[in-house]
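# Per-entry structural report
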Amino acid sequence: MAFVIEQRFEDTQYGYDRETDVLYISFGPPRPAVALTVEDWLAIRITPSAPQICGLTIIGFKRIFSRVRPDLIEELLERIGRLEKARFHVDYSDETDTLTFRFEEEQPAYYERFSDNIYLERSLVGGEIVGFKITRYTEQGAAAMEKLLSSMIEALFAVPGTVSGPADALTRAFLEHLDIARLLSIAA
Amino acid sequence: MLESGLVTILTADGIDAELDEDHWKTHIVKGHPELTPYQSLVIETLKHPEGVYRSTRDSSTRVYARSCLGILIGETLVEKINLLVFVREKNAFVVTAFFAAVMWRGLGERIWPL
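All names here are of chain A. Spatially, six strands are ordered 1-7-8-11-10-9 in an open sheet, and the strand pairing comes out antiparallel. In this open sheet, the two edge strands, each paired with only one partner strand, are strand 1 (3-8) and strand 9 (109-115). If you compare each strand with its neighbour and ignore which way they point, the axes differ by 15 degrees on average. In this sheet, strand 10 (residues 118-123) lies alongside strand 9 in antiparallel orientation, the contact comprising six bridges. When the sheet's bridge partners are listed, Ala109 is paired in strand 10 with Ser123. The sheet contacts of helix 4 (residues 137-157) involve strand 7 (87-93), strand 8 (98-102), strand 9, strand 10 and strand 11 (129-134), and relative to strand 11 the element is tilted by about 140 degrees. Sheet strands touched by helix 5 (residues 165-175): strand 9, strand 10 and strand 11. Its angle to strand 11, the strand with the most contacts, is close to 115 degrees.

What follows is the structure, encoded as structure tokens:
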């Protein structure tokens, strides 16, 4: 079934539970949701009725981020307020059986193969990653999402310099859309 | 609801887990409002989980997992979903909990039952 999800993150609310080191991020007021967990410490919260990302929960936020590759974090501290400007556009087409995911405005771009049926979308100007697409989505979409997320998680905790170029670039692209400086200051 | 400020629950793997009423309200349910009517399920999951796992990236946290049937998330009835409850080993404090529809990359090393 074809669908389009357009989402912005202007009204982001943060709650940090200092006693247990859990960070609750809510896009708008907290709403009932189910979690898609990426490992056990990161929960992406989705409203089940009209699928929308409504928040993130990070368990052991300070502990986890103290172990993330420092080169990924240090470069991000000056990027204040990126999340408020971020937008996600997810589009699934029946005709092509392709899921397209963008976190920047559509712009002249080209595709770079990430793996079998996953392609990273890079802007023509600058070569930044602005999204990705997954082909043969009906049969292989779930496996492709797992592969993408696994690659990013492994990149987060890898020894610097050991991560493949595309996985590293995709991880950086996502982190750039989180207001890491603000998150760390909340948890300080 | 909890009758007193703190409830101690003997978990399946032998920990006296502590669930604090104030923490339940001000953090767990505030961040995850779908849990409001399901505090008894959280306690049940600690007592009778289907599995207990050591968190993948934080070995000091245990994850209690149990599948639940007929859970209302807002106005949507979910037929079957997993409830995950997190307990910090150091002080046996119940850290947080949520319903997980999808678990990519699993839950870490299973420590109960062995």
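Residue and element names in this part refer to chain B. Direction of pairing for strand 3 (residues 51-54) relative to strand 4 (residues 61-73): antiparallel, over a ladder of four bridges. Each bridged residue has a counterpart across the sheet, and for Gly51 the counterpart in strand 4 is Ala65. Two successive antiparallel strands, strand 3 and strand 4, enclose a turn made up of six residues. Bridging between strand 4 and strand 5 (residues 76-88) involves twelve bridges; their strand directions are antiparallel. Each residue of the ladder has a partner; that of Ile71, found in strand 5, is Val78. The turn linking strand 4 back onto strand 5 is made up of two residues, and Gly74 within it adopts a positive phi angle of 65 degrees.

Cut-offs used in this document
- Residues numbered from 1 in each chain as written.
- Chains lettered and ligands numbered in written order.
- Predicted model: local features only at pLDDT ≥ 70, side-chain atom pairs only at ≥ 80, totals over all residues.
- Pairing = 2+ DSSP bridges.
- Helix = DSSP H or I, 4+ residues; strand = E, 2+ residues; numbered from the N terminus.
- Axes fitted to C-alpha atoms, helices over the stretch in contact; angles between N-to-C directions.
- Contact = placed C-beta atoms within 7 Å.

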